[in-house]
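# A closer look at the structure
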Amino acid sequence: MSILKTGHNMYCMEAFSSRTIVTILYRCRRQFLIALLVIACSYTSLVQATERALLIGVSNYVFMPVNSLSGPKNDVRLIKEMLIAKGFSSENIAILADGVADSSKQPTKKNIIDSFEKLATNTQESDSVFVYFSGHGSQQLSVISEGNVEPDQLDEMFLPMDAKKGETYAKNVLLDNEINILLKNIHSRARFVMAVFDFCHSGTATRSSEAGVAYRDVPSESLVSDGDIQKKLKTLRIENKFKLNTVSVIDLYPKNMMALFATQPDQKEPERVRKIKIGGQEDWNTVGQLTYHLILAANKPEVKNYQDLKAYLSNAYAAEMKTKKMSKPLPTPLFEGEMSEPVLWNR
């Protein structure tokens, strides 16, 4: 026993062997490092787990001989409000939509591609990503090349704001294969991706005869000026009416991905005037058919996974047809992905 004296106080220290002290220090150091590692891993997980979104809506077409749409700008605002209510941070929601105040840029083809690339760069492996398209869709003759063989000889496409009519092919459009690449780049980095397409990719008319209803598709022959190409497109549209293939963006994602299309390949997506609250004010607004019911589904506790969402949409569409005594059937949303996965806003 050693005795240390300091003034009138006395402190005692039990003599330890140097080996005992080293052992104690080693054990303490090891436990301390393990604790630091656990804390660091937990902190990293919390920091990296982020919900991100890219919302694209095109209402007006500057260079196209097509009817403008009223709904996409409302759709984007509704989707943003829904995502924020489900826990998304507004700073992680990028918007490209004409007519929307907080849109960062106009929804041109270049801006859309740049936004996808930025989203991919920022996405981490634990992030969940929501991608949304609203606007006009159409088709054009497929360019046959390696990796791009369309059974119906047609490429589906989304029309950005600066889409233009061309001689044999439309200009500044986003083809299904291009969307495929953009989504694949994000999918390879994220924990889960949900992509929603509220537009048509085949069609015969741009405007419904029903009051207050417009269709989100553009006849493919109206996008080119070459007469022979126009005839071929019309012929293919008729021949493929009941055998169109689905958009190829869905083919490469067996897991951790859900693609939700507004219609089956041979159907048209309507937008309707409905009484709905946007920005805290309830009024009559034009919104897409799928978007409207998707917003309602997000607030239904029984909608836990994509199978539940599919069942909800089916029942909601059937009820709407019966209530409004519609003569024409509503489109059937198309799901591609693992249906047992929790819906993105419930993950």
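Note on numbering: residues in each chain are counted from 1, in written sequence order. Residue-level local features of this predicted model are given only where pLDDT is at least 70; pairs of side-chain atoms are given and counted only at 80 or more, and the full residue set underlies all totals for whole chains, interfaces and linings. With hydrogens and water stripped out, all remaining heavy atoms of the structure feed into the side-chain values.

### Focus: the overall build of the protein chain
Runs of E in the DSSP output that reach at least two residues are strands. Runs of H or I that reach at least four are helices, and both are numbered from the N terminus. Summing up its helical and strand segments, the protein chain has seven helices and 14 strands in all. Only protein chains enter the accessibility calculation, which uses a 1.4 Å probe; a residue is then buried when its area is under 20% of its type maximum, exposed when over 50%, and partly exposed in between. Going through the 347 residues of the protein chain one by one, you find that 49% of them count as buried. The contact rule is simple, with two residues in contact once any of their heavy atoms fall within 4.5 Å. For the protein chain, long-range pairs separated by at least 24 residues make up 69% of all intrachain contacts whose partners lie at least 6 apart in sequence. If you sum the accessible surface of the protein chain, you get close to 18,000 Å²; carbon and sulfur atoms cover 53% of it. All accessible-area figures derive from a Shrake-Rupley calculation using a 1.4 Å probe, and residue coverage is judged against the displayed protein chains alone.

### A short note on helix α4 (residues 176–187)
Each helix should span, by expectation, one fewer than its residue count multiplied by 1.5 Å. For α4, spanning twelve residues, the distance from its first C-alpha to its last is 16 Å, which sits close to the expected 16 Å at 1.5 Å a residue. If you check which residues of α4 are buried, you get D176, N177, I179, N180, L182, L183, I186 and H187. Looking at the buried residues of α4, the elements they touch are α3 (109–122), β5 (128–134), β7 (154–158), β8 (174–175), β9 (192–198) and β11 (257–261).

### Quick look at the packing of helix α2 (residues 72–85) against helix α6 (residues 289–298)
Think of each axis as a best-fit line through the C-alpha atoms, taken over the contacting stretch in the case of a helix, with angles from 0 to 180 degrees between the N-to-C directions. One way to put it is that α2 packs onto α6 with a least axis distance of 10 Å and a crossing angle of 15°. Regarding the angle of α2 to α6, the classification is roughly parallel. α6 is crossed by α2, and the crossing has left-handed handedness. Contacts between α2 and α6 involve D75, L78, I79 and M82 from the first element and T291, L294, I295 and A298 from the second. In what follows, roughly perpendicular refers to angles from 65 to 115 degrees, roughly parallel to angles under 35, roughly antiparallel to angles over 145, and oblique to any angle outside these ranges. Left-handed is the label given to a crossing in which the near helix is rotated counterclockwise from the far helix by less than a right angle, and right-handed is the label when the rotation is clockwise.

### Here's the deal with the packing of α3 against α4
Between α3 and α4, whose axes approach to 8 Å, the crossing angle comes to 20°. Here α3 is positioned roughly parallel relative to α4, judged by the angle of their axes. Where α3 crosses over α4, the handedness of that crossing is left-handed. Together, K109, I113, F116, L119 and A120 of α3 and E178, L182, L183, N185 and I186 of α4 make up the contact between the two elements. Just so you know the grouping, Ala, Val, Leu, Ile, Met, Phe, Trp, Tyr, Cys and Pro go in nonpolar, Asp, Glu, Lys and Arg go in charged, and all remaining residues, Gly too, go in polar. Of the residues in the contact of α3 with α4, the class split is seven nonpolar, one polar and two charged.

### Quick notes on the packing of aromatic side chains
In this scheme Phe, Tyr and Trp rings, the latter by its six-membered ring, pair at centre separations within 6.5 Å, and the angle between planes marks the pair as stacked below 30 degrees, edge-to-face above 60, and tilted otherwise. Within the structure shown, the criterion is met by eight aromatic pairs. A centroid spacing of 4.7 Å and a plane angle of 10° characterise the contact between F197 and F261, whose relative ring orientation is stacked. Placement of F197 in strand β9 and of F261 in strand β11 is noted, with a sequence separation of 64 residues between them. For F261, a relative accessible area of 3% puts it in the buried group. Members of the aromatic cluster, connected to one another through ring pairs, are F116, F133, F158, F197, F199 and F261.

### What about the sheet that holds strand β4 (residues 93–97)?
Hydrogen bonds between backbone atoms are what pair the strands of a sheet, whose relative direction is either parallel or antiparallel. Spatial ordering of the open sheet is given by β4-β3-β5-β9-β11-β14, a layout of six strands whose pairing is mixed. Either end of the sheet is taken by a strand with one partner, and the two such strands are β4 and β14 (334–337). On average, each strand axis in the sheet is inclined to that of its neighbour by 10°, with strand direction left out of account. Pairing between two strands requires that DSSP report at least two bridges joining them. Where strand β3 (residues 51–57) lies against β5, seven bridges are found, and the strand directions are parallel. Looking at β5, one finds that L55 is bridged to Y132. Against the sheet, α3 contacts β3, β4 and β5, and its axis sits at roughly 175° relative to β3. Across the face of the sheet, α6 comes into contact with β5, β9 and β11 while running at roughly 135° to β9.

### Here's the deal with unusual backbone geometry
With a phi close to 60°, N172 is a non-glycine residue in the positive phi region. Even without being a glycine, K325 presents a positive backbone phi close to 50°. You can see K325 is positioned in the loop between α7 (306–324) and β14.

### Re the pairing of β3
Remark: a regular strand shows side chains that alternate across the two faces of the sheet. Counting buried residues in β3 gives six out of seven residues, a clear majority hidden from the surface. Examined bridge by bridge, β3 and β4 share five bridges and lie parallel to one another. Looking across to β4, one finds that G57 is bridged to A97. Looking down the strands as they point away from you, a crossover is right-handed if its path from the first strand over the helix to the second goes clockwise. Of the crossover connections in this fold, the one passing from β3 over α2 to the parallel β4 is right-handed.

### Points about α3
Spacing of three or four residues puts side chains on the same side of an α-helix, whose turn is 3.6 residues. Helix length check: α3 (14 residues) gives 20 Å between terminal C-alpha atoms against 20 Å at 1.5 Å per residue, within 8%. Among the residues making up α3, those that are buried are K109, N111, I112, S115, F116, L119 and A120. Against β3, β4, β5, β7, β8 and α4 lie the buried residues of α3.

### Topic: the environment of T108
Considering the arrangement of structural elements, one finds T108 in the loop between β4 and α3. Between the alpha carbons of T108 and L174 there is a distance of 9.9 Å; along the sequence they are 66 residues apart. For T108, the contacting residues outside a window of four places in its chain are P160, M161 and D162.

### Some points on the confidence of the model for the protein chain
Note on scores: pLDDT gives the predictor's confidence for each residue, bounded by 0 and 100. Averaged over all residues, the pLDDT of the protein chain is 79; the fraction at 70 or higher stands at 70%. Taken together, the stretch residues 242–252 has pLDDT below 50 and engages in 32 contacts with residues farther than four places along the chain or on a different chain.

### Let's talk about the sheet that holds strand β6 (residues 137–141)
In space, the three strands of this open sheet follow the order β6-β7-β8, with antiparallel pairing throughout. A single partner strand is all that each edge strand has here, and the edge strands are β6 and β8. One ladder, built from five bridges, connects β6 with β7; its direction is antiparallel. From the neighbouring strand, Q140 faces β7, where its bridge partner is D155.

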